[in-house]
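Coordinate inspection notes
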Amino acid sequence: MNFSELEKLLERSDRFRRKLQIKDGQGAKWSYTFENGETHFYSIEGVKPPEEIEDEVTTIFLWLWSLKDYVHKYVMNKGKSKAWVESRVNADPYLCICADLANSLKHGGFDPRFKSRSNKNPMLGKLNYQIPQKAMGSITVGVFDVGLNVSNPSLVVLEMPVTDDNGRVLGDAFKYLNYGLKAWEGIVNEVENAV
C-alpha cells in the first residue's frame, strides 16, 4: 500500500461524503393514523428520500471505518505498527464514535464480545429535514393530507442525531462523517510528514 493508492481511497471516501450533500430527489410519502382512527397522508416532493440518505450514511460509516485496514498497511510500510494506528484512534473520542457506529452497523448491533471504543454504544437516530421557507415551492393542505414541494433542495438542512445507549444526543452523523474522514487524513499525513 503506497501513498497514491491510499490517497485514491481517501478521495473515494470524500466523493461518498459529497454525495450526501446532493439533496434533490423523488421525495417521500408516508401516512399516520391518529388515536381516533383518522389516517393522514403526507408528502414531500423534490428532496432525496430518507431511505436513500440513510443508506448513504450507513455505507459511508462502514467505508470510513474500513479505511483502517488500508491505513494499517500503509503505516506498516512506513515503519509504524498497527498498534500506533490503534492508539491514534483510541485517543480520538470522535473517531471512536465513528468506529462504534460502523461496527454496530456491520454486525447488526453491538457485539458483546468486543468492547465499545467510546464506552457510549452510539447509534444513529431518525433523519430530520429542516426545510426553510426559501426552499419551499408550494404547500398543499387538504382535510387528510399535506403536501410540500421543495423548489430549492440545496437549502434543506439534513440532521441525523447520534445518540448513546441512554438516548443522549452525542452529535450529528453528518458532522461525524466529515470529522472521521479528516481524522484519517490527519493520521496519514502524520506518518507522511514523519518520514
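What counts as what
Residue indices begin from 1 for each chain and proceed along its sequence in written order. Thresholds applied to this predicted model are a pLDDT of at least 70 for local features of residues and 80 or more for the giving and counting of side-chain atom pairs; totals over whole chains, interfaces and linings are not thresholded and use all residues. The basis for every side-chain value is the complete set of heavy atoms in the structure, and neither hydrogens nor water enter the calculation. Secondary structure elements are defined from DSSP: runs of H or I of at least 4 residues count as helices, runs of E of at least 2 residues count as strands, and each element is numbered from the N terminus. Burial classes follow relative accessibility: with a 1.4 Å probe on protein chains only, a residue under 20% of its type's maximum area counts as buried, one over 50% as exposed, and anything between as partly exposed. Residues count as neighbours in contact if any of their non-hydrogen atoms are within 4.5 Å of one another. Computed with a 1.4 Å probe, the accessible areas rest on the Shrake-Rupley method; for each residue, only the protein chains presented here act as cover. We count Lys and Arg on the positive side and Asp and Glu on the negative side, and we leave His and both chain ends out. Charge coordinates come from a single atom per side chain, which is NZ of Lys, CZ of Arg, CG of Asp or CD of Glu. Patch members must show over 30% relative accessible area and no salt bridge, and they are joined within 9 Å when carrying like charges or within 5 Å when they are nonpolar side chains of Val, Leu, Ile, Met, Phe, Trp or Tyr. By definition here, a salt bridge exists when the distance from a side-chain nitrogen of Lys or Arg to a carboxyl oxygen of Asp or Glu is within 4 Å. Strand pairing requires that DSSP identify at least two bridges connecting the strands. Pairs of N or O atoms within 3.5 Å make up the polar contacts considered here, provided that, within protein, one atom can donate a hydrogen while the other can accept it, and that residues adjacent in sequence are counted only when both atoms are side-chain atoms. Multiply 1.5 Å by the residue count of a helix minus one, and that product is the helix's expected span. At any given residue, the bend is defined as the angle formed between two axes, one fitted to the seven residues that end at that position and one fitted to the seven that begin there.

Let us now look at the overall build of the protein chain. On a plain count of helices and strands, the protein chain comes out with 5 helices and 9 strands. Dimensions of the protein chain along its principal axes, counting C-alpha atoms only, are 70 × 35 × 20 Å. Split into buried and exposed, the 195 residues of the protein chain put 38% on the buried side. When contacts within the protein chain are restricted to residue pairs at least 6 apart in sequence, those whose partners lie at least 24 apart make up 63%. A total of about 11,400 Å² of accessible surface is found on the protein chain, and carbon and sulfur atoms cover 51% of it. One finds the centroid of the 25 positive side-chain charges in the protein chain at a distance of 7 Å from the centroid of its 26 negative side-chain charges.

On the surface, Glu51, Glu52, Glu54 and Asp55 cluster together into a patch of negative charge. Within the fold, aspartate 55 resides in helix H2 (residues 50–77).

As paired elements, strand S8 (residues 161–163) and strand S9 (residues 169–172) share 3 bridges and run antiparallel to each other. Bridge pairing links valine 162 to glycine 171 in S9. Between the end of S8 and the start of S9, which pair antiparallel, lie 5 residues, with glycine 167 showing a positive phi angle near 85°.

Pairing between strand S1 (residues 28–33) and strand S2 (residues 39–45): 6 bridges, direction antiparallel. Residue lysine 29 lies in a different strand from S2, and its bridge partner there is serine 43. Joining the antiparallel neighbours S1 and S2 is a turn of 5 residues, in which glycine 37 adopts a positive phi near 95°. Inspection of the sheet shows S2 paired to strand S6 (residues 145–150) by 5 bridges, in the parallel sense. From the neighbouring strand, serine 43 faces S6, where its bridge partner is glycine 147.

Note that glutamate 159 resides in strand S7 (residues 157–159). Residues contacting glutamate 159, with those up to four places away along its chain left out, are Lys126, Leu127, Asn128, Gln130, Asp172 and Phe174. Of note is the side chain of glutamate 159, whose polar atom sits 3.0 Å from the side chain of glutamine 130.

Between its first and last C-alpha, H2 extends 41 Å over 28 residues, near the 40 Å set by a 1.5 Å rise per residue. The largest bend along H2 measures about 25° and falls at tyrosine 70. Of the residues flanking the end of H2, it is glycine 79, one or two places downstream, whose phi is positive at about 90°.

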